[in-house]
Amino acid sequence: MKQETRGIPLSSPYVGEREEELVLEVLRSGRLSLGPTIDRFEELFAAATGAPYAAAVSSGTAGLHLLCVSAGIEAGDEVITTPYSFAASANCFIYEGAVPVFADVDPQTLNLDPAAVEALVTERTKAIVAVDIFGYPCELDELRAIAQRHGLAFVQDSCEGLGAEYKGAPVGSHGPSAVFAFYPNKQITTGEGGIVTTHSEEEWRLLRSLRNQGRGDEGGWLEHVRLGFNYRLDDVRAALGIAQLEKLDEILCLRREVAARYGELLRDIDGVELPFPDDADHVRSWFVYVVKLPSRQARERVIAHFEREGIGFNRYLPSIHLQPYMRKRYGFREGLCPVSEDASSRTLALPFFTALERDAQERVAEALATAL
Ligand SMILES: *Cc1c(COP(=O)(O)O)cnc(C)c1O
């Protein structure tokens, strides 16, 4: 890792010789897809999250889409979700023709506010898609209870939450179903890729069929028992995933240390609000390091300074309902979700990755203090 050069990237994957070794093994085996490496990866992932079943897929978005298909979401259904997230958590049900209904978030955790969710349930509501934003577990018990009371499906987007804990157990172990993603900025990466954990053997079988063009357990290669997709993960990526899982504890620990160092370095800078701390029920898995600044103007001042200094950043996250395609399709406007919109105008992602070193973090802290 060359951090002595001037630039500090926003993100950087943590891969090494073990990844090369396992990928090379698969390449030499000739089993590049639908091979044994996928099954092994799924078993290891299920064990790591405490979920009984896991089905690997080509991306987090693909996994979310498959859970929406599995939930029977159809055209005209309403799905309640969070605006303060990555677009995929809303897109996944729009693919099936459902309409997004955005409930506002809690100003501190930035996760769905259960009371706001329940207030939006109607006759047409079919599901809730909750997100563990920035790796902070959502209010799972309250949200699942709302889903149960109203007979709704519940999908947990844990694409940023691998390694997080809710009420003392890892995200993925509570059920019903969760999705994790492996793009290179996530805690672990397969380049592109994702996985769905489920507590239902029946759903697991359905997911394996759906990702594989709707093929059945029996029957030949050219027999399709349902409308499916090509959402398969290949064995090369699964090998990368196995090597990454082998060092999951190390990765999570290093990321915790990086976050703790930022906490120390930024604590006394006026105008910087740090990520919401853990409590007994919520243990964050560090995906990104996002701070809240006093205003949009202050954020632009910081960004201008970061650009001069070669420091990576992102205006993370814009509210989904105000994205151009959302405004155009559904007519959403400012004011629909004030808490999310306020956060979107002031939150800033700082450089954050597993091998980020203290001197780089000191430079980031200095730049922040100077700009503010
Ligand atoms: C990364 C991410 C996804 C899925 O991303 P892919 O690039 O499709 O793997 C979905 N939701 C959230 C909140 C994410 O951060």
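Here goes a summary of the coordinates provided. (Residues numbered from 1 in each chain as written. Predicted model: local features only at pLDDT ≥ 70, side-chain atom pairs only at ≥ 80, totals over all residues. Heavy atoms only, no water.)

1. Topic: the sheet that holds strand β7 (residues 169-170)
What holds strands together in a sheet is hydrogen bonding between their backbones, with the strands either parallel or antiparallel. In space, the three strands of this open sheet follow the order β7-β6-β10, with antiparallel pairing throughout. Only two strands of the sheet have a single partner each, and these edge strands are β7 and β10 (282-283). Taken together, the two bridges between strand β6 (residues 165-166) and β10 define a ladder with antiparallel strand orientation. Bridge pairing in β10 links Y166 to H282. (Pairing = 2+ DSSP bridges. Helix = DSSP H or I, 4+ residues; strand = E, 2+ residues; numbered from the N terminus.)

2. Overview of the sheet that holds strand β5 (residues 153-157)
The seven strands lie next to each other as β1-β9-β8-β5-β4-β2-β3, forming an open sheet whose pairing is mixed. What marks the edges here is a single partner per strand, and that holds for β1 (53-57) and β3 (99-102). For this sheet, the mean inter-axis angle between neighbouring strands, taken without regard to orientation, is 25 degrees. Alignment of strand β2 (residues 78-81) against strand β4 (residues 125-131), held across four bridges, turns out to be parallel. (Axes fitted to C-alpha atoms, helices over the stretch in contact; angles between N-to-C directions.)

3. Section: unusual backbone geometry
In this chain, G175 is followed by P176 through a cis amide linkage whose omega measures 0 degrees. Note on placement: P176 falls in the loop between β7 and β8 (177-181). Here the amide bond leading from Y316 into L317 is cis, since omega sits at 0 degrees, within 30 degrees of zero. A positive phi is found at F134, a non-glycine position, where the angle reads about 55 degrees. On the accessibility criterion, F134 (5% relative accessible area) is buried. The phi torsion at Q213 lies on the positive side, around 60 degrees, for a residue other than glycine. With respect to the helices and strands, the residue Q213 is situated in the loop between α7 (201-211) and α8 (235-246). Taking relative accessible area as the criterion, Q213 reaches 31% and is therefore assigned partly exposed. (Buried < 20%, exposed > 50% of the residue type's maximum accessible area, 1.4 Å probe, protein only.)

4. Brief notes about the packing of helix α1 (residues 17-29) against α8
Contact pair α1 / α8: the axes reach a minimum separation of 8 Å and the direction vectors enclose 150 degrees. Judged by the inter-axis angle, α1 sits roughly antiparallel to α8. For the crossing formed where α1 meets α8, the hand is right-handed. The residues of α8 that touch α1, namely those facing R18, E19, L22, V23, V26 and L27, are D235, V236, A239, L240, I242, A243, Q244 and E246. In terms of residue class, the contact of α1 with α8 is made up of nine nonpolar, one polar and four charged. (Parallel < 35°, antiparallel > 145°, perpendicular 65-115°, else oblique. Left-handed = near helix turned anticlockwise from the far one by under 90°. Contact = heavy atoms within 4.5 Å. Nonpolar A, V, L, I, M, F, W, Y, C, P; charged D, E, K, R; others polar.)

5. Focus on the nonpolar core
Among soluble globular proteins, nonpolar side chains are generally buried collectively. In this structure, L66, I73, V79, F93, F102 and M326 are the most contacted members of the largest nonpolar core, which totals 32 residues. Looking at this core, the elements with two or more residues in it are β1, α3 (60-70), α4 (88-94), β4, β8 and α7. The residues touching V79, leaving out its near neighbours within four places in the chain, are I73, F93, A98, V99, P100, V101, A127, I128 and V129. (Core = buried A, V, L, I, M, F, W, Y, C linked by side-chain atoms within 4.5 Å.)

6. Describing the site of the ligand
In the neighbourhood of the ligand, 14 residues make up the surrounding shell, with G60, T61, D157, E160 and K186 lying closest. With respect to the ligand, the side chain of E160 contributes an N or O atom lying 2.6 Å from an oxygen atom. One of the side-chain nitrogen or oxygen atoms of K186 is found 2.7 Å away from an oxygen atom of the ligand. For the ligand, whose accessible area on its own is 390 Å², the fraction buried by protein is 92%. In terms of residue class, the shell around the ligand is built from six nonpolar, five polar and three charged. (Near = heavy atom within 4 Å. Polar contact = N/O pair within 3.5 Å; in protein donor to acceptor, adjacent residues only side chain to side chain. Areas by Shrake-Rupley, 256 points an atom, 1.4 Å probe, with all protein chains shown as cover.)

7. Notes on the pairing of β1
The buried fraction of β1 is high, at four of five residues. Bridging between β1 and strand β9 (residues 194-198) involves five bridges; their strand directions are antiparallel. Its bridge partner being in β9, A56 is matched across the sheet by I195.

8. Some points on the environment of L27
You can see L27 is positioned in helix α1. Each residue touching L27, except ones within four places of it in the same chain, is listed here: L32 and V236.

9. Description of the packing of aromatic side chains
Scanning the entire structure with this criterion turns up 15 aromatic pairs. Here the aromatic rings of F45 and F182 are separated by 5.7 Å at their centres, their planes lie at 70 degrees, and the arrangement is edge-to-face. In this pair, F45 sits in helix α2 (residues 36-49) while F182 sits in the loop between β8 and β9, placing the two residues 137 residues apart along the sequence. Its relative accessible area of 0% is what places F45 among the buried residues. Among the residues examined, F182 registers a relative accessible area of 1% and is labelled buried. (Phe/Tyr/Trp six-rings, centres within 6.5 Å; stacked < 30°, edge-to-face > 60°.)

10. Structural notes on the pairing of β9
For β9, a buried count of five out of five residues is recorded, marking the element as mostly surrounded by other parts of the structure. Burial of β9 is two-sided: the residues G194, V196 and T198 facing one way and the residues I195 and T197 facing the other way are all buried. As defined by bridge partners, β8 adjoins β9 across five bridges and the pair is classed as antiparallel. Across the sheet, residue A178 finds its bridge partner in β9, namely T197.

11. Considering the environment of R327
With respect to the element layout, R327 can be found in helix α11 (residues 324-330). Ignoring sequence-local partners within four residues, the contact set of R327 consists of H321, L322, F332, R333 and E334. From its side chain, R327 meets the backbone oxygen of L322 in a polar contact 2.9 Å long.

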